[in-house]
Amino acid sequence: MEDLLRSLSHYGRINLLYGRAGVGKTRLIQRFIDTRLSTASHHLIRFEKQQQFRSNQYTESQQQHSFDQLVLAPLENECVLLLDQFENATPEVAGLLFRFMEKHGQHKRLKLILLCDIEYLSELSNISRRYHIEISSVELQPLSMGDQLSYLHSQHCNGLRQQLKLNSALKKQLKLTN
């Protein structure tokens, strides 16, 4: 996450968070929004497999408009745009986005984060070269078993100890009443 934060210090750059399906990219970025973007203007848009986009900020009738008209044109200065499951975007939408960032990313001081599956990297690299836009990328990898256990221990160990003590106390009570 710290690598992503460092790369966000540059305006007009496209930032990429990628990893295998189900590794936690969306959950991580939602936590990022809650903890780091609470005061910044941001838009989170998720691309569906049917190559449509869905956003909490627009009504269904508004979603019928083009991505360009609905999302890109009204972006205010110093906005953070987060696009989840970008591998589902049409090539036309990807081209629109890269052209827009090429023309307006720097002077509007925009920050863009794309979330995509690792399988889409080569296609994204080709688009990046076509539009001469640098992509700063961070791979999200699954935690090893040891890291998972360490995390669970740090987050839940006290609660588990209290539960175990409670269970021991209950066992003693049950023995006394038996």
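Definitions and cut-offs
Each residue is numbered by its place in its chain's sequence as written, counting from 1. Per-residue local features are limited, in this predicted model, to residues with pLDDT of at least 70; the limit for side-chain atom pairs, both in listing and counting, is 80 or more; totals at the level of whole chains, interfaces and linings are taken over all residues. No hydrogens and no water enter the side-chain calculation; it runs on all heavy atoms of the structure. Salt bridges are defined as contacts in which a side-chain nitrogen from Lys or Arg sits within 4 Å of a carboxyl oxygen from Asp or Glu. Put simply, DSSP H or I for four residues or longer makes a helix, DSSP E for two residues or longer makes a strand, and each gets a number counted from the N terminus. Note on exposure labels: buried denotes an accessible area under 20% of the residue type's maximum, exposed denotes more than 50%, and partly exposed covers the range between, all computed with a 1.4 Å probe on protein chains only. Any two residues whose heavy atoms approach within 4.5 Å are treated as being in contact. Each helix should span, by expectation, one fewer than its residue count multiplied by 1.5 Å. The arc under discussion is defined with respect to the helix axis, by the directions toward the C-beta atoms. Strand pairing follows a simple DSSP-based rule, namely that at least 2 bridges must link the two strands.

## Things to note about the pattern of salt bridges
- In total, this model carries 2 salt bridges according to the counting rule given.
- In this structure, Arg 20 and Glu 119 form a salt bridge, with 3.3 Å as the shortest nitrogen-oxygen distance. Of this pair, Arg 20 sits in the loop between strand E1 (14–19) and helix H2 (25–36) while Glu 119 sits in the loop between strand E5 (111–117) and helix H6 (121–131), and the two are 99 residues apart along the sequence.
- A salt bridge links Arg 109 to Glu 78; the shortest N-O distance between them is 3.1 Å. You can see Arg 109 sitting in the loop between helix H5 (91–104) and E5 and its partner Glu 78 sitting in the loop between helix H4 (67–72) and strand E4 (80–84), a full 31 residues away along the chain.
- Relative accessible area serves as the criterion here: at 36%, Arg 109 is assigned to the partly exposed category.

## Re the environment of Leu 17
- Within the secondary structure, Leu 17 is located in strand E1.
- A relative accessible area of 2% means that Leu 17 is categorised as buried.
- Spatially, the C-alpha atom of Leu 17 lies 8.7 Å from that of Asp 117, the residues being 100 residues apart in sequence.
- Contacts of Leu 17, omitting those with residues within four sequence positions, involve Lys 25, Leu 28, Ile 29, Leu 114, Leu 115, Cys 116, Val 138 and Leu 140.

## What about H2?
- Counted at 1.5 Å a residue, the expected span for H2 with its 12 residues is 16 Å, and the 16 Å between its end C-alpha atoms agrees.
- Along H2, the residues classified as buried are Lys 25, Ile 29, Phe 32 and Ile 33. On an axial view of H2, the arc spanned by its buried residues comes to 100°, and they lie on one face. Residues Arg 27, Arg 31 and Asp 34 are exposed on H2 and point more than 90 degrees away from its buried face.

## As for the pairing of strand E2 (residues 42–47)
- Burial of E2 is one-sided: the residues His 43, Ile 45 and Phe 47 facing one way are buried, the residues His 42, Leu 44 and Arg 46 facing the other way are not.
- Two strands pair when backbone bridges link them, and E2 and E4 are joined in this way by 5 bridges, in the parallel orientation. In the strand pairing of E4, Ile 45 is matched with Leu 83.

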